[in-house]
Amino acid sequence: MNSLFLTLLSLISAYQYYSYQEIIDTFKKLEVDHTDIFKLYYPTKNLDNLRYLDCGDEECQFFYAEFAQNPNVNDLPTVLIAAGFHGDEVIGQNVVTELAKYLTSESKLEFLNNRRIILYPMVNPYGYYHKVREEMGKDANRDFNIDNPSSICFQTNAARGLAQVYNKYIIQLGITFHGGDNSISYSWGTYNHKQNGLATESPDDNAMEMIARIMKDIAAENTHLQIQKYSMGRMTDLVYEVNGGYEDWAYAAGWEKTNSCGNRNSEEYSKPSSNARALTYLIEAGFQKQPKSNTLGTIETTNQILQNWPPLHFYDEKILTKYQQSYGNINRNFMASLSLIDLVKPYLIVKWDGEKELILNFGGCYSITKLTIIRSDNTSIIKDQNTTGIWDQFNKGYVVPNITKNDLFEISYQCDVQNFKTQRNPDPKLPPQSYFVQSRINNTYEYQFDKYLIQNTNKILFRINVSQLNQTQMNQLFENQQFSIYVTQSSKEGQDQQIKINNNSNNKKQHIWWLLAIFILLSFVLTILLYKYCSKKQEEQVMEMYTIQNEVKL
Ligand SMILES: [Zn+2]
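Cut-off values and rules
Residues numbered from 1 in each chain as written. Predicted model: local features only at pLDDT ≥ 70, side-chain atom pairs only at ≥ 80, totals over all residues. Helix = DSSP H or I, 4+ residues; strand = E, 2+ residues; numbered from the N terminus. Buried ≥ 20, exposed ≤ 12 C-beta atoms within 10 Å, placed from the backbone. Contact = placed C-beta atoms within 7 Å. Axes fitted to C-alpha atoms, helices over the stretch in contact; angles between N-to-C directions. Parallel < 35°, antiparallel > 145°, perpendicular 65-115°, else oblique. Left-handed = near helix turned anticlockwise from the far one by under 90°. Nonpolar A, V, L, I, M, F, W, Y, C, P; charged D, E, K, R; others polar. Core = buried A, V, L, I, M, F, W, Y, C linked by C-beta atoms within 7 Å. Domains from an automatic or database assignment. Pairing = 2+ DSSP bridges. Expected span 1.5 Å × (residues − 1). pLDDT = per-residue confidence, 0-100.

## Structural notes on the overall build of the protein
Helix and strand counts for the protein stand at 15 helices and 23 strands. Out of the 554 residues belonging to the protein, those deemed buried represent 45%. Across the protein, contacts joining residues at least 24 apart in sequence account for 75% of those joining residues at least 6 apart.

## Structural notes on the packing of helix α2 (residues 20-33) against helix α3 (residues 91-103)
Two quantities define a packed helix pair, namely the angle between the axes and the distance from one axis to the other. At a minimum axis distance of 10 Å, the contact between α2 and α3 shows a crossing angle of 20 degrees. By the angle between their axes, α2 is roughly parallel relative to α3. The crossing of α2 and α3 is left-handed. Along the contact surface, α2 presents I23, T26, F27 and L30, while α3 presents Q93, T97, A100 and K101. Split by residue class, the contact of α2 with α3 holds four nonpolar, three polar and one charged.

## Overview of the nonpolar core
With 135 residues, the main nonpolar core has L119, Y120 and M215 as its most contacted residues. The residue makeup of this core includes at least three contributed by each of domain 1 (15-343) and domain 2 (347-502). When near neighbours in sequence (up to four residues on either side) are disregarded, L119 contacts Y64, A65, F67, I81, V96, L99 and A100.

## What to know about the sheet that holds strand β8 (residues 181-186)
To summarise the sheet geometry, strands pair through backbone hydrogen bonds and adopt either a parallel or an antiparallel arrangement. Judged by pairing direction, the sheet is mixed, and its eight strands sit side by side in the order β1-β4-β6-β5-β7-β12-β8-β11 without closing on themselves. The sheet terminates laterally at β1 (38-41) and β11 (231-234), the two strands that pair on one side only. Shown here is a sheet whose adjacent strand axes are inclined to one another by a mean of 20 degrees, direction ignored. Judged from the five bridges that link them, β8 and strand β12 (residues 279-286) form a sheet pairing that is antiparallel. Considered in β12, the bridge of N182 is made with A285.

## Points about helix α6 (residues 205-219)
With 15 residues, α6 should reach 21 Å at 1.5 Å per residue; the first-to-last C-alpha distance of 21 Å fits that figure. Burial of α6 is extensive: 11 of the 15 residues sit out of reach of the surface. Within the span of α6, buried status applies to D205, N206, A207, M208, I211, A212, I214, M215, K216, I218 and A219. Remark: A220 follows α6 within two positions and exhibits a positive phi of approximately 45 degrees.

## What about the sheet that holds strand β21 (residues 460-465)?
Pairing in this open sheet of four strands is antiparallel, and the strands run β16-β15-β18-β21 from one edge to the other. What marks the edges here is a single partner per strand, and that holds for β16 (380-388) and β21. When the angles between neighbouring strand axes are averaged without regard to direction, this sheet yields 20 degrees. Note that strand β15 (residues 367-375) and strand β18 (residues 408-415) share six bridges and pair antiparallel.

## Examining the packing of α3 against helix α12 (residues 329-343)
Where α3 meets α12, the axes come as close as 9 Å, and the angle between the chain directions of the two elements is 65 degrees. Note that α3 runs across α12; the crossing there is right-handed. Here α3 contributes I91, N94, V95, E98 and L99 to the contact with α12, which in turn contributes N329, I330, N333, F334 and S337. Of the residues in the contact of α3 with α12, the class split is five nonpolar, four polar and one charged.

## Thoughts on the environment of V73
You can see V73 is positioned in the loop between β4 (64-67) and β5 (78-83). Among the residues examined, V73 registers 13 C-beta atoms within 10 Å and is labelled partly exposed.

## A few points about the confidence of the model for the protein
Averaged over every residue, the pLDDT of the protein is 85; the share at 70 or more is 84%. In the model, residues 471-484 has pLDDT below 50 throughout and makes 47 contacts with residues more than four positions away in sequence or in other chains. Overall, residues 542-554 carries pLDDT values under 50, and its contacts beyond four positions in sequence, including any with other chains, amount to zero contacts.

## Observations concerning the pairing of strand β6 (residues 116-120)
By the criterion of burial, β6 is predominantly enclosed, with five of the five residues buried. The pairing of β4 with β6 spans three bridges and is antiparallel. By the bridge assignment, F67 is partnered in β6 with I117. Summarising the sheet, β5 and β6 pair through five bridges and their orientation is parallel. Considered in β6, the bridge of V79 is made with I117.

## Here's the deal with unusual backbone geometry
What you tend to see is this: most non-glycine residues have negative phi, and most peptide bonds are trans. Note that the residue after S187, namely W188, is joined by a cis bond; omega there is 5 degrees. Its place among the elements puts W188 in the loop between β8 and β9 (194-195). Omega for the bond connecting D427 with P428 falls within 30 degrees of zero, at 0 degrees, which places this linkage in the cis form. Relative to the elements of secondary structure, P428 occurs in the loop between α13 (417-421) and α14 (435-441). With a phi angle near 50 degrees, N49 is a residue other than glycine that sits in the positive phi range.

Written out as structure tokens, the structure is:
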């Protein structure tokens, strides 16, 4: 009876492929139902000389959605999930549509509240409608102005539309979904960064690799559905090198040499090109471009896993077997996308046993360095400790012992700084270039593009008041960052709470310290001046006496 129920449930909640029209209808309905947080944009609307692309009775529609709980906050870290450069590679378009439905649903995860997520379900709608790879005979993923002979870039509406996203937002992390292979790959994938047949390392290679590993791990494998583990590496090595590929453009057009595109209006693409420094992943989402429907997985599986986010249990084989029948092609790529969205910003999860231990889990990070915990009476509990974030497979949380109800303390740490700084043979020989890595490793980093802004997340600081751990309002945030902390009581009630943070009092304190420092400095200078003045006077008196004495002698 029980197994019959489970079979029925998985049948009802099985993922299905959406048609071209269903994707449009789904996004438009979500916009109507969630106007404050989910907005559609039509990136080709103001472009000249577009090709006419026919999708049935009407022109093909280019659109993407912006999801943000607070879209007007100008420093939200921004992630772009794009799919469907090649219209016959169909997993990605469906993953992105499921992400849109999930993000706007009531069950969303709290870490999503402080992020801007751009969902671009069909980069090449013509291809998806007609079930063909190219946009009317042209490959949109060879159409960007990087490592590309001039006069053959930005010919397709698809490439021109996607570039417009970079005309508006500062994209920090990105995925582009393809199909036909089973890999997660990253820069380089151009001819001009190749040596002895292999890709050279980009300046951000270490960060690229670490994050790819996290996505690969969560995408797991499922022998029941003939899904293998993703391989991972650089694009030239795993897929092949191309001219004018989107991934290298998105990562490097902002700092590498770009090409002009013949007659194409350079105003249209020069600004977005100058703003492209996103760590961007190519996911080849399975050996088949259109896997069978019964390998897509179920919504029920996604929901079960999300109840336990962060999904540490993926490393626990007993728990993994629970999902083995139904962790399908949509599930695994949905989870890989969420892990990337998670990583764009550090946050802290605090669990309290209600007695004397706190457990800290560091979200948005793989490894933690310089973890320092200081009590309000200035006694340090931990100093300069290294530990791991939620994506480390051995992570069970960091235990802070001997906590009492009245404690007030401060937690500071660095998130992935050491790993991201490390380089072996960067080509070209430059420090990391992506916005994402620079903002983590450089403690004065700031970048502004029109109304949007990225600030450094080099040092992270939270203040925790233990007596308020069960209440909604509690902590303050350090440095102008807006971090979310959510507190989970490990008691039975187990309700997660979102904590809003402000740093006003901290700023005030900083001002007082500055004033005090200036006052001390001024007093010091005055004392020296006074002393010099007095010694001079004394010297003059002595000289006078000396002169007088001399005169007397004469
Ligand atoms: Zn492709």
